[in-house]
Amino acid sequence: MDELIIWCQYMPQRTDIFKKFQIWKLILSIFAFASTPELIFGTYLLYYFRIFERQIGSNKYSVFILFSTIVSLLLEVIAMKIVKDSSLKALTSGPYGLIFASFVPFYLDIPVSTRYRVFSLHFSDKTFIYVAGLQLLFSSWKRSLLPGICGILAGSLYRLNILRIRSMKFPEFIASFFSRLSWPSSGNIPPAAPARNTVGSMPSYAGRQVEGNNPAPVRSTVDPPEDSISTLVSMGFDRNSARQALIRARNDVNAATNILLESQAR
């Protein structure tokens with residue numbers, strides 16, 4: 001871990017982009033953070049925002065990653081060219097574009113599931129995510145503020161469906177490559193297989209014996225697995241709504257997510 005932090009702290013920063021045309025420094029800088037606090041908060045946010053892969057699927061999430069990263073970098077280059085400020089010659093490093101682009105769907109699509117009050121202040125389960133984002137945004141003042149704003153703009157352009165970007169998909173082998181690069185999280189949990197009726201899997205004569213001894217109808221729904229409910233709750237959905245959606249979707253987490261999102265859009 002110490003070696004990782006040291007490596008992150010000494011990655012190339014975004015300097016000499018125009019004078020020496022060292023674009024490679026701008027590209028390399030997105031793969032590591034410049035300081036330990038930025039590494040901690042940035043890693044946490046990247047891990048949390050993997051919930052969007054479960055919502056829109058790995059293929060479209062790969063498009064979102066590539067679009068937000070490239071567009072935010074282009075916006076940074078334009079901003080550094082326009083703004084004549086010597087303090088912006090070395091922007092802080094890290095995947096700020098992807099992180100702050102993710103705040104756009106986080107604000108618009110993730111519902112508040114829990115609210116609470118401390119003294120006279122009101123909070124929700126989304127509060128800590130915003131606090132971590134603000135900490136990262138102002139960690140290096142102007143040098144981190146500019147990449148963060150460019151990331152928010154990139155996320156807004158994706159949300160506005162510029163060039164119909166939201167309907168684009170990669171070929172399957174490219175999407176699988178991005179999926180392997182992604183960090184493990186609850187988004188990688190495969191959809192739960194529909195529960196089978198144990199009576200239906202018995203031989204036919206056994207089924208007739210059960211029906212004869214107990215004429216009561218067999219229950220058609222099975223309580224969803226706890227890990228599937230927890231996956232949906234971690235996305236910000238209400239626990240009872242998540243359970244009902246899983247029952248309707250026969251324990252398919254992807255289908256249940258679509259049901260919940262459609263119910264919110266009405």
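Residues numbered from 1 in each chain as written. Predicted model: local features only at pLDDT ≥ 70, side-chain atom pairs only at ≥ 80, totals over all residues. Heavy atoms only, no water.

As annotated in an unreviewed UniProt entry, the protein carries the name Rhomboid-like protein 20 isoform X2 and is attributed to Coffea arabica. Looking at the protein in UniProt, the text filed under Subcellular location (unreviewed entry) is "Membrane". (UniProt positions renumbered as here; feature names shortened; annotations may be inferred.)

Chemist: Sorry if this is basic, but what is going on with the overall build of the protein here?
Modeler: Along its length, the protein carries 14 helices and 2 strands. Buried positions account for 39% of the 266 residues belonging to the protein. Long-range contacts, defined as pairs at least 24 residues apart, comprise 73% of the intrachain contacts of the protein with a sequence gap of at least 6. Accessible surface, the protein: about 15,800 Å² in total, of which carbon and sulfur atoms supply 63%. (Helix = DSSP H or I, 4+ residues; strand = E, 2+ residues; numbered from the N terminus. Buried < 20%, exposed > 50% of the residue type's maximum accessible area, 1.4 Å probe, protein only. Contact = heavy atoms within 4.5 Å. Areas by Shrake-Rupley, 256 points an atom, 1.4 Å probe, with all protein chains shown as cover.)

Chemist: Quick question: what am I supposed to make of the UniProt feature "transmembrane region" (unreviewed entry) in the protein here?
Modeler: Feature annotation in UniProt places "transmembrane region" (unreviewed entry) on residues 26–49, 61–83 and 95–112, given in this structure's numbering. End-to-end, the C-alpha atoms of residues 61–83 are 32 Å apart, and along that stretch the chain is 96% helix and 0% strand. Between the end C-alpha atoms of residues 95–112 there is a gap of 26 Å, over a span that is 72% helix and 0% strand.

Chemist: When you look at the pattern of salt bridges in this model, what are you seeing that I'm missing?
Modeler: A pair can form between side chains of opposite charge whenever their charged atoms are brought close. Taken as a whole, this structure holds 4 salt bridges when the rule is applied. The partner of arginine 50 in a salt bridge is glutamate 53, and the shortest N-O contact between them spans 2.5 Å. With respect to class, arginine 50 is no different from glutamate 53; both count as buried. Ionic pairing is found between arginine 239 and glutamate 226, a salt bridge with its closest N-O pair at 2.7 Å. Taken as a pair, arginine 239 in helix 13 (residues 239–248) and glutamate 226 in helix 12 (residues 226–234) lie far apart in primary sequence, 13 residues in all. (Salt bridge = Lys/Arg side-chain N within 4 Å of Asp/Glu carboxyl O.)

Chemist: I would appreciate a short explanation of the nonpolar core in the present structure.
Modeler: As a rule of thumb, nonpolar side chains are buried together in soluble globular proteins. Ranked by size, the top nonpolar core spans 41 residues in total, and within it Leu45, Phe49, Ile99, Phe103, Phe106 and Leu232 carry the most contacts. No other element matches the 6 residues that helix 5 (residues 58–82) contributes to this core. The residue makeup of this core includes at least three contributed by each of domain 1 (33–181) and domain 2 (226–265). Once residues within four sequence positions are removed from consideration, leucine 232 is found in contact with Phe237, Ala242, Leu246, Val253, Ala256, Thr257 and Leu260. In terms of nonpolar packing, the next biggest core, distinct from the first, is built from 5 residues, Ala79, Met80, Leu91 and Cys150 among them. (Core = buried A, V, L, I, M, F, W, Y, C linked by side-chain atoms within 4.5 Å. Domains from an automatic or database assignment.)

Chemist: Looking at this structure, I do not really get the packing of helix 12 against helix 13. What am I missing?
Modeler: Packed helix pairs are specified by the crossing angle of their axes together with the interaxial distance, meaning the distance between the axes. Between helix 12 and helix 13, the least distance of the axes is 9 Å, while the angle of their chain directions is 125°. Between helix 12 and helix 13, the angle is such that the two are oblique. Crossing of helix 12 against helix 13: the hand is right-handed. Here helix 12 contributes Glu226, Ser228, Ile229, Leu232 and Val233 to the contact with helix 13, which in turn contributes Arg239, Ala242, Arg243 and Leu246. Along the lines of polarity and charge, the residues of the contact of helix 12 with helix 13 split into 5 nonpolar, 1 polar and 3 charged. (Axes fitted to C-alpha atoms, helices over the stretch in contact; angles between N-to-C directions. Parallel < 35°, antiparallel > 145°, perpendicular 65-115°, else oblique. Left-handed = near helix turned anticlockwise from the far one by under 90°. Nonpolar A, V, L, I, M, F, W, Y, C, P; charged D, E, K, R; others polar.)

Chemist: Would you take a moment to explain the pairing of strand 1 (residues 115–118) for this structure?
Modeler: As judged from the 4 bridges shared by strand 1 and strand 2 (residues 121–124), these two strands associate in the antiparallel manner. Within strand 2, the position partnered with valine 118 by the bridge is leucine 121. Connecting strand 1 to the next strand, strand 2, in antiparallel fashion are 2 residues, including phenylalanine 119 with a positive phi near 60°. (Pairing = 2+ DSSP bridges.)

Chemist: Help me out: how do you make sense of a nonpolar patch on the surface in this one?
Modeler: Together, Leu160, Ile162, Leu163 and Met168 make up an exposed nonpolar region whose accessible area comes to about 430 Å². Note that leucine 163 resides in the loop between helix 9 (142–159) and helix 10 (172–181). (Patch = residues over 30% accessible without salt bridge, like charges linked within 9 Å, V, L, I, M, F, W, Y side chains within 5 Å.)

Chemist: Which parts of the structure should I look at to understand unusual backbone geometry?
Modeler: As a rule of thumb, non-glycine residues mostly have phi less than zero, and peptide bonds are mostly trans rather than cis. Positive phi outside glycine occurs at asparagine 161, with the angle close to 60°. Tracing the chain through its elements places asparagine 161 in the loop between helix 9 and helix 10. The residue arginine 250 is not glycine, and still its phi comes out positive at about 55°. Looking at where arginine 250 falls in the secondary structure, it is placed in the loop between helix 13 and helix 14 (253–265). Judged by its relative accessible area of 64%, arginine 250 is exposed.

Chemist: For this particular structure, what's the right way to read the packing of helix 5 against helix 9?
Modeler: Between helix 5 and helix 9, whose axes approach to 8 Å, the crossing angle comes to 130°. Here helix 5 is positioned oblique relative to helix 9, judged by the angle of their axes. The interaxial crossing formed by helix 5 with helix 9 has right-handed handedness. Contact residues: Lys60, Phe64, Phe67, Ser68, Val71, Ser72, Leu75, Glu76, Ala79 and Met80 in helix 5; Leu146, Pro147, Cys150, Gly151, Leu153, Ala154, Leu157 and Tyr158 in helix 9. Each residue belonging to the contact of helix 5 with helix 9 can be placed in one class, and the counts come to 13 nonpolar, 3 polar and 2 charged.

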